[in-house]
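This is what each chain is made of:
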Amino acid sequence: MLDNLLDRPEFREDRYWSRQRYAANETIITEGESGREVFLIRCGTVRVTGCAQLEQGGAIHPGFCDLGRGDVFGEVGLLPELTRMATVMAVTDCELAVIDGIRMLEFFDAHPAIGYRIILAMYEQTASRLDQTNRQLLRVLAWGLRVHRIEDHLQAGQDTAGDAADLTRKTG
């Protein structure tokens, strides 16, 4: 996807993108910050994490996934009104292509056929990640229902989402 874009002579390294190295355990982007860059992993592994606030105070930072060579992250950099949705840290030493999101969109305006194919591929990747996240969320929800024995209070065929919300209000 973006690998091919970097190979195009008109998408010059000095104008549209740069190479950047990150050491293992170094933070690349931070959840909540603004940024207009999109990142392509040329080598190494990064971990995408979030921040979950705990009721008792404090927070945990679960890992959503690890990404490697050829993977893209930071796509919200193409949308100026959004902030970063996750923190990304280098798991190993990495080399990234850091793409200027504003210039990338200008390039797509000048080369719409190329831009269409890349945006479509990025959309497919985002949809796949959303599907994976939904599956993880449902597994955690099912685990929580089992641990708190909420399923004992639910009867087959009922609206379990409404019942779970009612029980949460009663017990929470």
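Structural data are supplied above this passage.
Presented here is a report on the structure given in the accompanying data block.

Reading guide: rules and limits
- Residues numbered from 1 in each chain as written.
- Predicted model: local features only at pLDDT ≥ 70, side-chain atom pairs only at ≥ 80, totals over all residues.
- Heavy atoms only, no water.
- Salt bridge = Lys/Arg side-chain N within 4 Å of Asp/Glu carboxyl O.
- Buried < 20%, exposed > 50% of the residue type's maximum accessible area, 1.4 Å probe, protein only.
- Phe/Tyr/Trp six-rings, centres within 6.5 Å; stacked < 30°, edge-to-face > 60°.
- Lys NZ or Arg CZ within 6 Å of the ring centre and 35° of its normal.

Applying the stated criterion across every chain, the model contains ten salt bridges. The salt bridge partner of E10 is R8, with a shortest N-O separation of 2.9 Å. Classification of E10 by relative accessible area gives partly exposed; the value is 28%. For the salt bridge of R12 with D14, the shortest nitrogen-to-oxygen distance reads 3.1 Å. With a relative accessible area of 65%, D14 lands in the exposed category.

Summed over the entire model, instances satisfying the criterion amount to five aromatic pairs. Geometrically, the ring pair formed by F11 and Y16 is stacked, given 4.6 Å between the ring centres and 10 degrees between the ring planes. As far as burial versus exposure is concerned, F11 and Y16 are alike and both buried. A residue is classified by how much of its surface remains accessible, and F11, at 1% relative accessible area, is buried. Here a set of aromatic residues connected by ring pairs shows up, and it is made of F11, Y16, F107 and F108. Above the plane of the ring of Y16 lies R15, whose end atom (NZ or CZ) is 5.1 Å from the centre.

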